[in-house]
Structure formats: structure tokens, C-alpha cells
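The residues making up each chain are set out below.
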Amino acid sequence: MTDQPPAARPLDPPRLVTGGPLLRASGLRKCYGSIVAVAAVDLEIYPGETVGIVGESGSGKSTVLRLLNLEEPADAGDYRLAVPEGAGGNLFTLDRYHRRMLRVQRIGIVYQQPHLGLRMNATSGGNVAERLIMAGERRFAALRAAARGSLAVSEFPAERVDDPPAQLSGGMQQRVQLAKAIALRPALLLLDEPTTGLDVSIQALVLDTLLRLRREQPIATLIVSHDLGVIRTLADRVLVMRAGRVVEHGLTDQVLEDPQHPYTQQLVHARL
Amino acid sequence: MSLADLAHPRYDYSYGFLDEHARRELRRRILKAIAIPGYQVPYASRELPIARGWGTGGLQATLSVAGPHDTIKVIDQGADDSVNAANLRRFIARMTGVATTTDTTLATIIQSRHRVPEERLRERQLLVLQVPDPEPLRHVQPDSSKAREMHAEADYAQMWLSLYEQLVRFGRFVQGASYPVVVHGRYLMSPSPIPRWDTPTLHQAAHLTILAAGREKRLYAVPPYTEVRPIEFDDVFFQVERMAGRVCAVSGARHKFMDELPVAGGGSLFRISDTGYLEKLVRAARGEPVTIGPTYYDAVGRFYQPGVLHEPDAVPPEGGTGHD
């Protein structure tokens, strides 16, 4: 699948995090009419780190993701990414053009519903290539090679590169989304319930791919899921959201093994 | 004193069919279109005594700029004598008193549907193209308000995606007519349904081109000497239709845009599509004195501006696997 066998790679010794966070968001707030979807959320993600958000349906976790993907304007809040395009300013104040360029270059996203992130009738390779076209690539051979490469990284079968996602299974569609998200080696990867709706064996395969990707490409990742198993497998740190607020946060093991907040306790016990 | 004494004398007739307000608005819109090459300017498309979709956009543009000293030529798919072209020509002549011609070199205004003449247009000539659908993004973005946002942001990635898809599926670009072009490095523009053969004639052209859609109420323009580049990849190039090997059955000419005519027995023969040009070739062959202007493509099929078109041989082997 990949060029280098993963087993040959020695484990990196633990390192002190000395740099600042890649993503710093504070005071995020978003209302839809009278409904407060996100009340006040603070969030930091360091380079190479995976952060999970758990919570029940309607707790505002997907809204946080949409805000961080700059799909919707926040009602209040400050959002900074330590990338050149961010220019150290609040990303919510960027104009449409720069917002789009930043999203293309630096943020990759995988949606729960593939049709949100994919053109279902274009070829899978074309879906991935579009990302590079948006970034200005105009060589057909290079687009083709990059699309194949990126799809291979997400463990998509090479012989189906020219099939449209409409003809693919759910697990394959998620792999195309993932390939598209990582095609330009983004600084930030957003995963919105990436395995929900897949059956258990396919879930495990997609999680394997995500784990391997995390080993090989240290991309700061935010994963939103209501499935604690997914969070336990992937996330270093976890935030528990309820009614638009973060009620508890900490290291994944710590939060899931020794939950402090009554709601988290309820959530963990409901699971176990 | 009566009311009639105070009022202006009544005019039953307005020059060029359009009333003064309509003409003024159209001329201002045309000036704006020229100032922003390739940008679609909305305008109030007027009622005309022909149906929408029969060249009302081009007709309004022509009527608003024509003066009594102009000479007009009207083309429909290369032909001067089709019903549509003849009707439009007669109407314009009756309403403005302009002279009419079928000779491209003598015309000052050329209104055309689906073709650019084979003979090169000069400075101070005006080409008016009738446009059925002005929006080049229509097939990738059916919502026209979203398409306008994409124009505003120059967000044309989806067009290259559709080129990519064409190469993967068919091994070549399959768009025949109205091949999208980028004007002045900024706006994506549909050049109206002219064949790919005519698309490069707009690049750095000496003449002014006005494209007007009557039903869609949009007009846009390519000023003289403006960059007009068809969309293509850096390693897979835009190609015009292959006319090599086709010989005009009437004139014996080669390397002009040909119509294919079916003949009895199942075969076909070719004839030059530009009838005004063909007529001059025939008359010249009979020994009559005619002046034939220089053409866009010479006798061996080379385009008059070097470096604009890539020779078919210069195309690298197909990068895609569309054939397997």
C-alpha cells in the first residue's frame, strides 16, 4: 500500500512540546435564531495532536467543527491558526477569498455524509484532484499522480480510482473523502463522525487507516464522534460537550476512566 | 393654446427601431462590458419583432450601435442566406438604412450566430455574436447566483475538474462548441457556440467582439487586442477541430471550417461553412476581380498568430488511462 513498511519505523522518543498551539479558538459562540448551538467553547490543538469531542446529538459538536472549517461565521469568538495564511489574525474576519484559500491549503475535512464533501458523479480521482486544482495545479499528469498517491495513502483500491463515489460503498466513500482532505497535506484535519454509519468491520478498517495516517503524517486532528470507542482509539485529549458548552476536558484515558462531571459519568456508563 | 401646441411634435419613428432610452442603456452596458473584458453585464432586453432565442441579443446590440454609414453582414452558422440571417439582415437594413453585404472585408458590423468568418477581421470592424447561454459555469453550477459568486472570486477550479473528467473518461477534451475561455486572465467566458476552430480567432484580435444574450439579458465583450485563452492543462492542450484531409467540394480549398453534407448513396462531401468566403473563392476561380482578405488559417492550416495553437503532434502521450 505505502512505500515504506510501517514496522521499520522506530518509535519516536517522547518530546516536550515547546512550540505554541497550532489552533487556538476561544469564546466560540453560535446561535440559530433563539437556539444557542455553541455557547462558549475554548479549544487548543498542538501540532501533531489528535483531540476528540464527544457529546450527545445536539450538543453543538458538529457546529464547532463547521465553525472551525470556516463554513459558517461565528456570532462571537476568536479563531487563530499558526499558518502563514492566517497572518496571526482572527480567521473569522477573513474575506471570502482568503477564507477559501486557507480552507483549501490548510484544512481538510471528512464529513459523516459523503455527499457533503464529494461530487458523487465525478470520478474518485477527480474528487481528490479538485483539491489540487483549487490550489493552482494545472498539469494533468501531476494531478493524476497526486490523486493516485493520496488515494493510496487512504488505502483506496487503485483499480477503482476512475469510479465515481456514487458507485462506491460507504467505507470507500469515506476513504475518498480522507484522500481529498489530506491531498494537500493540511495543517488541520477535521473528522466529523468519520465512521458513523459504517458496519463494525469496515469501521475498524477505517480506524486502522486513520491510526496509520496519524503515525506517518503528524497532522493536528480534531475528531467529533458520539462513539467513545472511536475517541478512545484515536484521540490524545478529549472534550466533553453538552448543550453548547465544554463540561469536561482532559487526557482521553483520564476522562474516560475517571470521569468527574456527572454528565460524563453518565455517558461513559451508558457506553460500558 | 392647446396641449398639442405645448408638447413636442410627435415622432412615429425612432431610428434603429429601439427607442432612445433603450439605445442609450444598451450603449452604456456595452461600454461597461468593454471596460471589464469577459464580464457579463446585465441589461434590460427589449421586446423585438422576433422571438427570444432567435438572435434578439445580437440584434439589440447591432441596432444600438449601427449608424447610417455602416455596412452590415449577418451570418447564421456560416451562411448569409439562411432564413434567420436573411430576416435579421433585412430588418436591420430597413430600420437603420445601412448597406448590406455578404463580403466580410467590406462589412463594418458583422452579426453572427455560431461562426466567426474565415477572413481576418480588421481594426474598427465589429463582430456581434448571438449568445443562447452566456454562463460558462452553467453545467458545473446550475444556480446562477452561485455562479456569479464564483466569477467574483475567480473560483474556476470546477472547470478544470470537468476537463480532468473528460480526459479520464474519453482521453480528450470533448467540448465541441462554446469552448470556455479566460479573458484577460480574469473572467471565464463562453464565446457563444462557435466551434473550437473559431475560438483562437478571438485571442489578440484586431476587432471588437460584443456577445449578447437576449433571453438571458446579459452582454459581454472582448475588446481589441485582448488575451483570450481557452482553458487547458499545462501538458494537455486545447485543440481545434481537425480539418486536414477535408477538401471543399465546391472550391477545392483545404484547411477551412467545413460543413459535411450527406450525399445520395450514403457518402458525404465537404463544403466551406463560410458561404461569403466560398462565394468569393468561386468567383475568383472564374476569373472575376474579387479581393479576398487574409484568413485566420492559411492554405496549410497554420494559424496566423504563431504560438497560439499547439500542433497535434506536440501533444504528449495521453497521461490518463481513459482508453483502457
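Criteria and cut-off values
- Residues numbered from 1 in each chain as written.
- Chains lettered and ligands numbered in written order.
- Predicted model: local features only at pLDDT ≥ 70, side-chain atom pairs only at ≥ 80, totals over all residues.
- Heavy atoms only, no water.
- Helix = DSSP H or I, 4+ residues; strand = E, 2+ residues; numbered from the N terminus.
- Rg over C-alpha atoms; globule rule 2.2 N^0.38 Å.
- Buried < 20%, exposed > 50% of the residue type's maximum accessible area, 1.4 Å probe, protein only.
- Contact = heavy atoms within 4.5 Å.
- Areas by Shrake-Rupley, 256 points an atom, 1.4 Å probe, with all protein chains shown as cover.
- Lys, Arg positive; Asp, Glu negative; His and termini not counted.
- Charge placed at Lys NZ, Arg CZ, Asp CG, Glu CD.
- Pairing = 2+ DSSP bridges.
- Axes fitted to C-alpha atoms, helices over the stretch in contact; angles between N-to-C directions.
- Buried area = accessible area lost by both parts, 1.4 Å probe.
- Salt bridge = Lys/Arg side-chain N within 4 Å of Asp/Glu carboxyl O.
- Polar contact = N/O pair within 3.5 Å; in protein donor to acceptor, adjacent residues only side chain to side chain.
- Nonpolar A, V, L, I, M, F, W, Y, C, P; charged D, E, K, R; others polar.

Engineer: How should I be thinking about the overall build of chain B in this particular structure?
Structural biologist: The number of helices and strands found in chain B is seven helices and 12 strands. The C-alpha atoms of chain B give 21 Å as radius of gyration, which agrees with the globular expectation for 324 residues (20 Å, within 12%). When the backbone C-alpha atoms are referred to their principal axes, chain B occupies close to 90 × 55 × 40 Å. Buried positions account for 53% of the 324 residues belonging to chain B. When contacts within chain B are restricted to residue pairs at least 6 apart in sequence, long-range pairs at least 24 apart make up 62% of them. As displayed, chain B has an accessible area near 15200 Å², and 54% of this comes from carbon and sulfur atoms. Charge separation in chain B, taken as the distance between the mean sites of 38 positive and 38 negative side-chain charges, equals 5 Å.

Engineer: Looking at this structure, how should I read the sheet that holds strand β3 (residues 99–100) of chain B?
Structural biologist: Strand pairing in a sheet relies on backbone hydrogen bonds, with the paired strands running either antiparallel or parallel. Residues and elements named next belong to chain B. Pairing within the open sheet is mixed, and its seven strands lie in the order β1-β9-β8-β5-β4-β2-β3. Taken across any chain shown, the strands that pair with only one partner, and hence form the sheet edges, are β1 (41–42) and β3. Summarising the sheet, strand β5 (residues 126–130) and strand β8 (residues 208–213) pair through five bridges and their orientation is parallel. Bridge assignment links L129 to a residue of β8, and that residue is L211. With respect to the sheet, helix α4 (residues 83–96) is in contact with β2 (71–76), β3, β4 (109–113) and β5, its orientation differing from that of β2 by roughly 160°.

Engineer: I'm lost on the interface of chain B and chain A in this one. Help?
Structural biologist: By a widely used convention, the size of an interface equals the accessible area lost when the partners come together. Taken together, the contacts link 20 residues of chain B with 23 residues of chain A. Summed over both sides, the interface between chain B and chain A buries roughly 1900 Å², with carbon and sulfur atoms accounting for 58% of that surface. Contact with chain A buries surface across chain B, with E153, L161 and Y164 of chain B losing the most and accounting together for 32% of the total. In this structure, the connection of chain B to chain A is made through four salt bridges. Where E153 of chain B meets R100 of chain A, a salt bridge forms, and the shortest distance between an N and an O atom there is 3.0 Å. In this structure, the connection of chain B to chain A is made through 11 residue pairs in polar contact (both at pLDDT 80 or more). For the side of chain B that touches chain A, the leading source of residues is helix α6 (residues 157–170) of chain B, giving nine residues. When its residues are assigned to classes, the side of chain B that touches chain A shows nine nonpolar, four polar and seven charged.

Engineer: I would appreciate a short explanation of the side chain of Q130 of chain B in the present structure.
Structural biologist: Residue and element names in this part refer to chain B. Topologically, Q130 is positioned in strand β5. Within the structure, Q130 has its side chain in polar contact with the side chain of Q111 (distance 2.8 Å). Sequence-distant contacts of Q130, defined by excluding residues within four places in its chain, comprise W54, G55, G58, L88, Q111, S112, R113, S192, P193 and A212.

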